[in-house]
Amino acid sequence: MRKVETNDLQICATPEITVKKKKVLKRKDLIGWAIMLPTLILFSFFIWEPLLENIKLSLYQANGIRLVKFVGLDNYFTVFAHPDFWAALKNTFSYIGWSLVIGFFAPILAAILISETIHFKGLFRVGIYFPNIMPGLATVIMWGFLFKPGGTGTLNILLGKIGVDPQLWLTNPGWTIPLIVMSMTWKSAGATALIYLAGISSINPELYEAATIDGASVLQRIRYITLPKLFSLGKTMFILQIIAVFQILYEPMVMTNGGPNNASISIMQLVYNFAFKDYNFPVAAALSVIVCIILAVLSVLYFKLTSNKEG
Amino acid sequence: MFFNKYKEKSDGAIRYYDIKSLRTKILSIAIFILCLLILIVCLFPSVWVFLASFKDISEFRKDATILPSTFNFQKYVDTWNNLKFVRYYINSTIVVIGGTLCSVTFNGLLAYVLAIIKPKGHKIILGLVMWSLLIPATTSIVALFVNINKVGLNGSFLPLWLVFGANAFYVILFKNFFEGLPKELIEAAKLDGCGELQIFLRVILPLSRPIVMVVVIFTVTAAWSDFLLPYLVLNGTQKETIMVKLFAYHSSNKVNAVDMLRAVAFSIIPPIILFTIFQKQITDGATAGAVKE
């Protein structure tokens, strides 16, 4: 074993055939780190450093991208004093609430339905995943068209066929967030449904057979065998979903531009506005840090849940 | 017959022996119909984009119909030429190819070190990577943009390629796969005098074709769909990708609705083709990544 390590590519240092284990380890470490280095530089540049840079940036006053002077927590106070921040925060809870109502149950339902059918199962699996491969921006623009108000809007045409009056869709402030969540669910539910489907197919079939012998009806079997299994998966999916909801950006930006009257502005959209409309990078960074802290807390929760499951 | 096929069903709550009762018969038909409805909901919007983009602008504005009056491909060709889509297709392709190469190389190498070489201190890096998995990159977009400007990489494809080389999710996918590879093969390669990089290129990568495929497909779709960073880096440079251009058209109001729809259609055709070819790898990859975390 040790011989192998020394042989390997190194110019045969003959006197050192009996290399001490320590030295062998060192060479392995060195090569390992050397191979990792390029990727680590990329991770630092694109992920880790920006995270820290964000915190630093948020504590300064800046002129464009040039830092001018240290201002402590002033930028945070600016964020808190900004009326849009409270609108966005309120919306975020609304987004979370609606994605619990629509986005959380839709994939569970779809997964149960697809697992309980036998015809075209493969087609359903592929079909439900299809919206996932659509580019996010294209999806959002597409749904913007589908939600066109007036008699020639696509959804209104379809509704008209069953005798429903044309709706205002996104221009109705009470509807914007639920509709945005609906279009997000359309895009992402398939991936989650596939995970639930994998969960269902990992249930021991004998459980169902035993339950049948005990006289459980089909619905009872779903209620007492399928659902409990999905529940533990669902907890982690739920947190992942909240994490995703905090990052909503394209949807309100493209579909409603945050309107009508800030009714759908999201936190990340506010970050974008601070940074790339007002060019006030420090305030944008301060808000990013706030989002980051919230997400970090949620992530710890997620880790706790998933590690409990394994243990 | 519809119900006979249930003989093959060996998992889930409904089984062939349930089918005898009328209630279950109705229930399984209802379930099947609901599945069809789900399928229609999933597919209809994209189909509609293609249907509606055959309309001309007055037809689109005035007629309350789903189907266009004619199917004239010339309209597509005109929009393609007017909006100079070739250039943006090429730009997007450049981003996709560069991004995919970076993605496989850099994430693969890191995963290789974490899974096989395991030098002293690799656990720290693994921890950091796991954390990056959960802190979404969009939250530090402001600082990243500032950084890219500081090193003078704005207006260049380079950051858009390299950003795919730092993807925690792909690293974990690779790492899980590499850990399952037979250790004997790696030992044998060492005996034959292969260096660490050679082992990666000659042993690990060829054995890992399935996972490489998954990461390639994921990266291709992600790179094609990526919008925010390309927009911030490339907007106004003639290097815009399709997504950047879509957003620009959408916010400028200079492009009319049907041209816009055709542009959307152009932007979703490549992913649809890719998905049709690799549907199995894609749907399998979707669950592999999530369940193994």
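Residues numbered from 1 in each chain as written. Chains lettered and ligands numbered in written order. Predicted model: local features only at pLDDT ≥ 70, side-chain atom pairs only at ≥ 80, totals over all residues.

J.: Any chance you could explain the overall build of chain B here in plain terms?
T.: Secondary structure assignment for chain B yields 14 helices and zero strands. Across chain B, helices and strands are ordered from the amino to the carboxyl terminus as α-α-α-α-α-α-α-α-α-α-α-α-α-α. Here chain B has a C-alpha radius of gyration of 24 Å; the compact-globule value for 293 residues is 19 Å, and the former is much larger. Looking at the 293 residues of chain B, the share that counts as buried comes to 42%. (Helix = DSSP H or I, 4+ residues; strand = E, 2+ residues; numbered from the N terminus. Rg over C-alpha atoms; globule rule 2.2 N^0.38 Å. Buried ≥ 20, exposed ≤ 12 C-beta atoms within 10 Å, placed from the backbone.)

J.: Before we go on, may I ask you to explain the overall build of chain A in this structure?
T.: The helix and strand inventory of chain A stands at 13 helices and two strands. Projecting the C-alpha coordinates of chain A onto the three principal axes gives extents of approximately 90 × 70 × 30 Å.

J.: Looking at this model, I keep getting lost on the domain arrangement of chain B. Mind explaining?
T.: Residue and element names in this part refer to chain B. Each domain of chain B was delimited in the assignment, giving domain 1 (4-77) and domain 2 (78-291). One C-alpha centre belongs to domain 1, the other to domain 2, and the line joining them spans 32 Å. Counting residues per element, the ones that place at least two in the side of domain 1 that touches domain 2 are helix 1 (22-52), helix 2 (57-62) and helix 3 (73-82). A breakdown of the residues in the side of domain 1 that touches domain 2 according to their chemical character gives seven nonpolar, three polar and three charged. (Domains from an automatic or database assignment. Nonpolar A, V, L, I, M, F, W, Y, C, P; charged D, E, K, R; others polar.)

J.: I tried to follow helix 8 (residues 168-179) of chain B on my own but got confused; where do I start?
T.: In an α-helix, one full turn covers 3.6 residues, which means residues spaced three or four apart are oriented alike. Residue and element names in this part refer to chain B. Taking 1.5 Å per residue, 12 residues should reach 16 Å; helix 8 reaches 16 Å between its end C-alpha atoms and fits that length. Of all 12 residues making up helix 8, nine are buried, and the element is well covered by its neighbours. Those residues of helix 8 that fall on the buried side of the exposure criterion are Ala 168, Tyr 170, Val 171, Ile 172, Leu 173, Phe 174, Lys 175, Phe 177 and Phe 178. (Expected span 1.5 Å × (residues − 1).)

J.: I tried to follow the interface of chain B and chain A on my own but got confused; where do I start?
T.: Interface size is commonly expressed as the accessible surface area that is lost when the partners come together. Contact residues are listed per partner, giving 88 residues for chain B and 90 residues for chain A. The element that contributes the greatest number of residues to the side of chain B that touches chain A is helix 1 of chain B, accounting for 14 residues. When grouped by side-chain class, the residues that make up the side of chain B that touches chain A number 52 nonpolar, 23 polar and 13 charged. (Contact = placed C-beta atoms within 7 Å.)

J.: What am I meant to see in the domain arrangement of chain A here?
T.: Residues and elements named next belong to chain A. What the domain assignment lists for chain A is domain 1 (2-58) and domain 2 (76-310). Taken over C-alpha atoms, the centre of domain 1 sits 41 Å from the centre of domain 2. In this assembly, four residues from domain 1 lie in contact with six residues from domain 2. Taken together, the residues of the side of domain 1 that touches domain 2 break down into two nonpolar, two polar and no charged.

J.: Teacher, can you tell me more about the environment of Cys102(B) here?
T.: Tracing the chain through its elements places Cys102(B) in helix 4 (residues 85-117). Expressed as a C-alpha distance, the spacing of Cys102(B) and Ala257(B), which sit 155 residues apart in the sequence, is 37 Å.

J.: I keep staring at unusual backbone geometry and nothing clicks. Help me out?
T.: With the exception of glycine, the majority of residues adopt a negative phi angle, and the majority of peptide bonds are in the trans configuration. Residue Tyr279(A) is not a glycine yet carries a positive backbone phi of 55 degrees. Of note, Tyr279(A) is situated in the loop between helix 12 (267-276) and helix 13 (281-310). Here Tyr279(A) falls in the exposed class, since 12 other C-beta atoms lie within 10 Å of it. A positive phi angle, close to 70 degrees, is found at Gln238(B), a residue other than glycine.

J.: What's the story with the pairing of strand 2 (residues 66-70) of chain A in this structure? I'm lost.
T.: Side chains on a regular strand alternate between the two faces of the sheet. Residues and elements named next belong to chain A. In terms of burial, strand 2 is largely open, as just zero of its five residues are buried. As judged from the four bridges shared by strand 1 (residues 60-63) and strand 2, these two strands associate in the antiparallel manner. Each bridged residue has a counterpart across the sheet, and for Gln 61 the counterpart in strand 2 is Lys 69. In textbook terms, the turn of a hairpin is the stretch between consecutive antiparallel strands, and for strand 1 and strand 2 this stretch comprises two residues, one of which, Gly 64, has a positive phi near 65 degrees. (Pairing = 2+ DSSP bridges.)

J.: Looking at this structure, how should I read the packing of helix 8 of chain B against helix 11 (residues 209-225) of chain B?
T.: Two measures define how a pair of helices packs: the angle their axes make with one another and the distance between the axes. All names here are of chain B. Packing of helix 8 against helix 11 leaves a shortest axis separation of 10 Å and a crossing angle of 170 degrees. In terms of their interaxial angle, helix 8 and helix 11 are classed as roughly antiparallel. Only Ile 211, Val 214 and Val 215 of helix 11 make contact with helix 8, whose side of the interface consists of Tyr 170, Leu 173, Phe 174 and Phe 177. When the residues that make up the contact of helix 8 with helix 11 are grouped by side-chain class, the tally is seven nonpolar, no polar and no charged. (Axes fitted to C-alpha atoms, helices over the stretch in contact; angles between N-to-C directions. Parallel < 35°, antiparallel > 145°, perpendicular 65-115°, else oblique.)

J.: What exactly am I supposed to notice about the nonpolar core here?
T.: Grouped together as the largest cluster of nonpolar side chains are 164 residues, with contacts concentrated most on Leu137(A), Val271(A), Leu287(A), Val142(B) and Val264(B). Not counting the four nearest positions on each side in its chain, Val271(A) is found in contact with Ala284(A), Leu287(A), Ser288(A) and Val142(B). (Core = buried A, V, L, I, M, F, W, Y, C linked by C-beta atoms within 7 Å.)

J.: For this particular structure, what's the right way to read helix 4 (residues 83-115) of chain A?
T.: Compared with the 48 Å implied by 1.5 Å per residue over 33 residues, the 47 Å span of helix 4 of chain A between its first and last C-alpha is a close match. Most pronounced at Ser99(A), the bend in helix 4 of chain A amounts to some 45 degrees. (Bend = angle between axes of the 7 residues up to and from the residue.)

J.: Mind showing me how you'd approach the confidence of the model for chain A here?
T.: When pLDDT drops low, the exact placement of atoms in the prediction is not to be read closely. Scored by pLDDT, chain A has a mean of 84; 91% of the residues are at 70 or more. Considering each helix and strand of chain A separately, the mean pLDDT is smallest for helix 1 (residues 2-7) of chain A, with a value of 41, and largest for helix 3 (residues 74-81) of chain A, with 92. (pLDDT = per-residue confidence, 0-100.)

J.: Which parts of the structure should I look at to understand the environment of Ala263(B)?
T.: Residues and elements named next belong to chain B. Examined against the element boundaries, Ala 263 turns out to sit in helix 14 (residues 257-291). Among the residues examined, Ala 263 registers 23 C-beta atoms within 10 Å and is labelled buried. Remark: the alpha-carbon pair of Ala 263 and Ser 53, spanning 210 residues in sequence, is separated by 9.1 Å. Setting aside residues no more than four positions away along its own chain, Ala 263 makes contact with Leu 83, Leu 246 and Tyr 249.

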